[in-house]
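Chain by chain, the residues:
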Amino acid sequence: LQEVDAKVRQFAQNQKGGGVAVAIIYGEEFEGHQIKNFMYGHAKGPQSPAPTDDSIFYLASITKVLTSTVLAKFVQEGKVKLDDPAQKYVPKWVK
């Protein structure tokens, strides 16, 4: 987590405006999971505070690109099969 913090902090400092929020969910197969949030930059402009858990980010369609890229990588690595139901990969604690 310290490495993520350092890299995202450096990235946020190099940005001209805007904020950065990163959430990492980790733990044994997500059971008993933990969540670590990192918030940097400015939520609404240079004089505003850093983003919070309630900040809204407009992502447009970038999540589709990210999701499909990660899915393709996992398929190539044999971690995911495209014919499997999505429920197979969703942790039990997600409702």
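The rules behind the values
- Residues numbered from 1 in each chain as written.
- Predicted model: local features only at pLDDT ≥ 70, side-chain atom pairs only at ≥ 80, totals over all residues.
- Heavy atoms only, no water.
- Helix = DSSP H or I, 4+ residues; strand = E, 2+ residues; numbered from the N terminus.
- Rg over C-alpha atoms; globule rule 2.2 N^0.38 Å.
- Contact = heavy atoms within 4.5 Å.
- Areas by Shrake-Rupley, 256 points an atom, 1.4 Å probe, with all protein chains shown as cover.
- Lys, Arg positive; Asp, Glu negative; His and termini not counted.
- Charge placed at Lys NZ, Arg CZ, Asp CG, Glu CD.
- Phe/Tyr/Trp six-rings, centres within 6.5 Å; stacked < 30°, edge-to-face > 60°.
- Buried < 20%, exposed > 50% of the residue type's maximum accessible area, 1.4 Å probe, protein only.
- Lys NZ or Arg CZ within 6 Å of the ring centre and 35° of its normal.

Points about the overall build of the protein
Phase 1: If you tally the helices and strands in the protein, you get 2 helices and 2 strands.
Phase 2: For 95 residues, the compact-globule estimate of 2.2 N^0.38 gives 12 Å, and the C-alpha radius of gyration of the protein, at 16 Å, exceeds that figure by more than 25%.
Phase 3: Within the protein, residue pairs in contact and separated by at least 24 positions form 28% of the contacts whose partners lie at least 6 positions apart.
Phase 4: About 8200 Å² of surface is accessible on the protein, with carbon and sulfur atoms providing 57% of the total.
Phase 5: Of the charged side chains in the protein, 12 are positive and 10 negative; the average position of the first set lies 6 Å away from that of the second.

Some details on the packing of aromatic side chains
Phase 1: Following the criterion strictly, the structure yields 1 aromatic pair and no others.
Phase 2: Ring geometry for Phe 38 versus Tyr 40: centroids 6.4 Å apart, planes at 10°, classification stacked.
Phase 3: Overall, the relative accessible area of 5% leaves Phe 38 in the buried class.
Phase 4: Residue classification places Tyr 40 among the buried positions, given a relative accessible area of 6%.
Phase 5: Cation over ring: Lys 36 sits above Phe 38, and NZ or CZ is 5.3 Å from the ring centre.

So yeah, pure geometry; function would need other evidence.
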